[in-house]
Amino acid sequence: DRQNDTPVGRFQNYLRINTAHPNPNYAAPVAFLTAIAQTLNLQIQTLHFTPSKSKPLLLLTWPGSHPSLPSLLLNSHLDSVPAEPDKWTHPPFSAHRTPEGLIFARGAQDDKCIAIQYLEAIRNLKAANFTPIRTVHVSLVPDEEIGGLDGAAKFAASKQFHDLNVGFMLDEGQANPGDEFRVFYADRTPWNLIVKAQGTPGHGSRLYDNGAMENLMKSVEVMTRFREVQFDEVKAGNAAISEVISVNPVYLKSGIPSGDGFVMNMQPSEAEAGFNIRIPPTADPELLRKRIAEEWAPASWNLTYQLLEQGPTRDFMGRPLATATDDSNPWWSVFKQAIESAGGKLAKPEILTSTTDARYMRQQGIPALGFSPMTNTPILLHDHNEHELIMNIFSRLQHLFFSQHLKDTIFLKGIKVYESLISALSSFEQRSQ
Ligand SMILES: CSCC[C@H](NC=O)C(=O)O
Ligand SMILES: [Zn+2]
Ligand SMILES: [Zn+2]
């Protein structure tokens, strides 16, 4: 029907598919997006990188007139983080649209908006008879929110990916409450650290050295001090959060359970803590590994640890995973100009505080930028009441006072921005690239 047959209608229908962890439904969004791709006459492939085929990766292709040139890849993940429905003002999978023009849904910002915007931009370019010179691929990938090991990681390492000859990639970015478009040239790589302490057990009343709790607390103190030094740099205005190493405790576990609580007069012989660490491309990962082994979890304190590195910190040449945002990267100037010619203003390029699938493509040496065209929008990814503004304040006022149609909306403006980006990036002809 007419209501559904619009960019916003398709956005809402996509948001109504629950792809939240821990049990994301991947078959439904793949079927939904495949149907859209069919109407756009795109080439469609469903790739699988798991034996059970439960984690499909949808690859859509718009062949260019010069398919031997390096291609353009637009990436978006299919999955989202969970939502706690009772903490939302509108159910998280209803894609409820308010009279003010907000659409509420888990995934509205992170990152289902861009999947639909890519496809709507392609629809509009096709309707205008635009033909790309370079081939344009859209990848819709599983499992980004849990590290992408069965998704982007395996995809980027595959022969299928190599054969796409990707020259440049766009992936998700983040909203901006201000009116500039944010762009991200690097992520911080996540490491999960689990520190386990052993120690002497004993009566709760005794004072002795080398208890498990004491040993763990020494580790926590050293890490807390490191965290403070990093955070002070941020507070002093010397660095952005994304430019320092962050170390945050995410769980503490110990004690001898008893009923609903714990035995209160026994000192336990084991204790454990979990930390989420984020490493910017400017930090030396080897130095941090050494610091963990020697200062944070030394065996001399009866500590052992498990370090789970969630993806690479260096590319195949050993270089930090950062995409150049200067003249040394010809894609950058095309990107910048395309934003400007769509009437957008670009903020200073940033490192993302969190992580995206783009790290796996950067590892292959491919330049990649994180970009989600949401200006004048609060940052609500992973938050309650995640929503996307369908109208900006100006058009909301226009609507209120002049009952105008909702022409100029954030979501629709994003489609225009992608039209500009896709047409510019796919027709850029530098052969050395
Ligand atoms: C273990 S990798 C997790 C990736 C995730 N990405 C978005 O939030 C993140 O925590 O940054
Ligand atoms: Zn995301
Ligand atoms: Zn996310």
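Residues numbered from 1 in each chain as written. Chains lettered and ligands numbered in written order. Predicted model: local features only at pLDDT ≥ 70, side-chain atom pairs only at ≥ 80, totals over all residues. Heavy atoms only, no water.

Quick word on the coordination of the zinc ion (ligand 3)
The test is simple: Any N, O or S atom lying within 2.8 Å of the metal counts as a donor, with the limit raised to 3.2 Å for Na, K and Ca; because water is left out of the atom set, some sites can appear incomplete. Only protein chains enter the accessibility calculation, which uses a 1.4 Å probe. A residue is then buried if its area is under 20% of the maximum for its type, exposed if over 50%, and partly exposed in between.
Looking at the metal site, the zinc ion (ligand 3) is ligated by Asp110 (OD), Glu145 (OE), Glu145 (OE) and His382 (NE2), spaced 1.9 to 2.6 Å from it. On the basis of relative accessible area, Asp110 is assigned to the buried category, the value being 4%.

Considering the packing of helix α1 (residues 7–15) against helix α11 (residues 410–427)
Put simply, the rule reads: Angles shown run from 0 to 180 degrees and are taken between the N-to-C directions of axes, each axis being a line fitted to C-alpha atoms and, for helices, limited to the stretch in contact. A run of H or I in DSSP becomes a helix once it reaches four residues, and a run of E becomes a strand once it reaches two; helices and strands are each numbered from the N terminus. Oblique is the label for every angle not falling under 35 degrees (roughly parallel), over 145 degrees (roughly antiparallel), or within 65 to 115 degrees (roughly perpendicular). When checking whether two residues touch, look at their non-hydrogen atoms; a contact exists if any pair is within 4.5 Å.
As a packed pair, α1 and α11 sit with axes 10 Å apart at the nearest point and diverge in direction by 105°. With respect to each other, α1 and α11 are oriented roughly perpendicular. Contacts from Pro7, Val8 and Phe11 of α1 reach α11 at Phe411, Leu412 and Ile415.

Observations regarding the environment of Ser269
Mapping Ser269 onto the fold places it in the loop between β14 (266–267) and β15 (270–279). Setting aside anything within four residues of it in sequence, one finds Ser269 in contact with Ala197, Gln198, Gly199, Pro201 and Ala212.

Digging into the sheet that holds strand β4 (residues 96–97)
Let me state the cut-off plainly: In this description, strands pair whenever DSSP reports at least two bridges between them.
In space, the three strands of this open sheet follow the order β4-β5-β19, with antiparallel pairing throughout. For this open sheet the edge positions go to β4 and β19 (387–389), each flanked by a neighbour on one side alone. Pairing analysis gives two bridges linking β4 to strand β5 (residues 102–104), with the strands arranged antiparallel. The partner of Arg97 across the bridge, within β5, is Ile103. Packed onto the sheet, α1 meets β4, β5 and β19 and runs at close to 20° relative to β5.

Some points on the pairing of strand β9 (residues 189–198)
Of all ten residues in β9, seven are buried, a share of seventy percent or more. Of the pairings in the sheet, the one linking β9 to β15 comprises ten bridges and is antiparallel in character. Residue pairing in the sheet places Ala197 in a bridge with Ala271 of β15. With seven bridges connecting them, β9 and strand β16 (residues 303–309) associate as antiparallel partners. Considered in β16, the bridge of Asn192 is made with Leu308.

Considering the coordination of the zinc ion (ligand 2)
Defined as follows: In short, tetrahedral needs four donors with all angles between 85 and 135 degrees, square planar needs four and octahedral six donors with opposite donors over 155 degrees apart and all other angles between 65 and 115, and whatever is left is irregular.
Bound to the zinc ion (ligand 2) are the protein donor atoms His77 (NE2), Asp110 (OD), Glu172 (OE) and Glu172 (OE), situated 1.9 to 2.5 Å from the metal. Each of the four donor atoms around the zinc ion (ligand 2) contributes to a set of angles spanning 57 to 151°, which defines the coordination as irregular. Read in sequence order, the donor residues coordinating the zinc ion (ligand 2) give the pattern H-x32-D-x61-E. Separating the zinc ion (ligand 2) and the zinc ion (ligand 3) is a distance of 3.4 Å, and Asp110 donates to both of them. Of this pair, Asp110 sits in helix α3 (residues 108–127) while Glu172 is found in the loop between β7 (166–171) and β8 (184–186), placing the two residues 62 residues apart along the sequence. One exposure class covers both Asp110 and Glu172, and it is buried.

A short note on the site of ligand 1
What counts is decided by this rule: Summary of the distance rule: residues count as near a molecule or strand when at least one heavy atom falls within 4 Å of that molecule or strand. Within 3.5 Å is the distance limit for a polar contact, defined as a pair of N or O atoms, with the added protein rule that one can donate a hydrogen and the other accept it, and that residues adjacent in sequence qualify only through two side-chain atoms. For the accessible areas, the method is Shrake-Rupley and the probe is 1.4 Å, while residue cover comes only from the protein chains on display. When residues are sorted by character, Ala, Val, Leu, Ile, Met, Phe, Trp, Tyr, Cys and Pro go into the nonpolar class, Asp, Glu, Lys and Arg into the charged class, and all the rest, Gly among them, into the polar class.
Taken together, Glu144, Glu145, Gly147, Pro190, Arg278, Gln310, Ser354, Thr355, Arg359 and His382 make up all the residues around ligand 1. Within the contact set of ligand 1, an oxygen atom lies 3.2 Å away from a side-chain nitrogen or oxygen of Glu145. His382 has a polar side-chain atom sitting 3.3 Å from an oxygen atom of ligand 1. Considered on its own, ligand 1 offers 330 Å² of accessible surface; in the complex 86% of this is hidden by protein. For the shell around ligand 1, a count of residues per class yields one nonpolar, five polar and four charged.

Here's the deal with the domain arrangement of the chain
Just so we agree on the cut-off: Where each domain starts and ends follows an automatic or database-derived domain assignment. Each of two parts loses accessible area, computed with a 1.4 Å probe, when they are put together; buried area is these two losses added. Basic side-chain nitrogens of Lys or Arg form a salt bridge, by our definition, when they fall within 4 Å of a carboxyl oxygen of Asp or Glu.
The assigned domain composition of the chain is domain 1 (7–187 + 321–427) and domain 2 (190–309). Distance between the C-alpha centres of domain 1 and domain 2: 37 Å. Contacts between the two partners involve ten residues from domain 1, matched on the other side by seven residues from domain 2. Ranking the residues of domain 1 by area buried against domain 2 places Ile351, Thr353 and Thr355 at the top, with a combined share of 65%. Counting the contacts that link domain 1 with domain 2 gives zero salt bridges. Across the domain 1-domain 2 interface, the total number found is two residue pairs in polar contact (both at pLDDT 80 or more).

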